[in-house]
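# Observations on chain architecture
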Amino acid sequence: MLDSKSGEKYYSVGEFARLSGTTRDTLLHYDNIGILKPAYVGENGYRYYLMEQVYQIKWIQYIQRLDVKLCDIPKSIGTRQKDAFISLLQDRMENFENELKRTKMIIRVLQNTIRNLTSEKSVDYNLPYFQYMEEEYLFTSELKLELFQDPLQLDSLYELMNYLRENYLWDEIYIGSIVLKENLEKGDISTRYWYTRVSMPLHDEHMMVKPAGTYAVVNYYGSPYKLVDVHEKLLHFINEKGYKVAGHAYEADFAGFCPFDDKNECATKIMIQVDRK
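Now for a quick tour of the structure. Remember, it's a predicted structure, so these values are computed and weren't measured experimentally.

## Some thoughts on the overall build of the protein
When you go through the protein residue by residue, the secondary structure sums to eight helices and twelve strands. Counting only residues that meet the buried cut, the protein has 40% of its 277 residues in that class. The contacts in the protein between residues at least 6 apart in sequence include a share of 72% that link residues at least 24 apart. Accessible surface for the protein amounts to roughly 16,600 Å². Of this, 52% is attributable to carbon and sulfur atoms.

## Details of the packing of aromatic side chains
The full count for this structure, using the stated rule, is nine aromatic pairs. Arranged with centres 4.7 Å apart and planes meeting at 10°, the rings of Phe16 and Tyr49 form a pair that is stacked. With Phe16 in helix α1 (residues 13–20) and Tyr49 in strand β4 (residues 47–50), this residue pair connects regions lying 33 residues apart in the sequence. Classification of Phe16 by relative accessible area gives buried; the value is 0%. Here Tyr49 falls in the buried class, since its relative accessible area comes to 0%. A centroid spacing of 6.2 Å and a plane angle of 65° characterise the contact between Tyr215 and Tyr250, whose relative ring orientation is edge-to-face. Of this pair, Tyr215 sits in strand β10 (residues 213–222) while Tyr250 is found in strand β11 (residues 243–253), placing the two residues 35 residues apart along the sequence. When its relative accessible area of 1% is taken as the criterion, Tyr250 is described as buried. One aromatic cluster is present, formed by Tyr10, Tyr40 and Tyr48 through successive ring pairs. In this structure, Arg92 is placed above the aromatic ring of Phe96, and the distance from its NZ or CZ to the ring centre is 5.1 Å.

Here is what the cut-offs are and how they apply
- Residues numbered from 1 in each chain as written.
- Predicted model: local features only at pLDDT ≥ 70, side-chain atom pairs only at ≥ 80, totals over all residues.
- Heavy atoms only, no water.
- Helix = DSSP H or I, 4+ residues; strand = E, 2+ residues; numbered from the N terminus.
- Buried < 20%, exposed > 50% of the residue type's maximum accessible area, 1.4 Å probe, protein only.
- Contact = heavy atoms within 4.5 Å.
- Areas by Shrake-Rupley, 256 points an atom, 1.4 Å probe, with all protein chains shown as cover.
- Phe/Tyr/Trp six-rings, centres within 6.5 Å; stacked < 30°, edge-to-face > 60°.
- Lys NZ or Arg CZ within 6 Å of the ring centre and 35° of its normal.

Geometric values such as these leave the question of function open.
The structure is reproduced here in structure tokens:
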């Protein structure tokens, strides 16, 4: 310990490290990057600190607990500018809010994917039935049926999914497609839309609502190239039971792109909105 001409006491690196509850290496690192300079450097090159600098150490440690990078700390410590420090804290808050959104999104995806895969275990395949369904919100993208033969069609799907992820709107690994009512009635299921479900309505041109109501449903397991036949059989079932098509047809892949079994087979839920004749 040294006494300055003004009577203040100087502390060596080791003494100041013990006094401030940090380490010698940390103090040397702070000096090298400009966060905390010693109050005095002797002719022999030894560094010395003042008692008041303990508060600067505590301030640095506090800011670090906010997950602020060391390289950003001089902006608030060195300049002592309140506006700069407020801006720094606002940036950290925004980063944490975005990370929280991302974490919540991943939890939603995991929960919904587990639910979908679990429900598949108890499904009776290839037996049509009627079911009341609640309203759902769908985020869509236009495509043609030959999607697995055209990489550009898959690109449109990936763009859709990336948009949802980047905006923290992704809810599940659940890929579906929509056949519009007018095309369905003409027997044309080639023009359709990709969709994935989202938890809330969005103000976007790609937003579509799957209305609440009664649906004719079949859980199909088999070749995707036979989906046209499955649609025809379901339409026949609808007519046979005294119903008529009242809305679009929706195809939902149970597991997204998760080919657990035969890659040439698919597990698809087909739903067509209906009404009594």
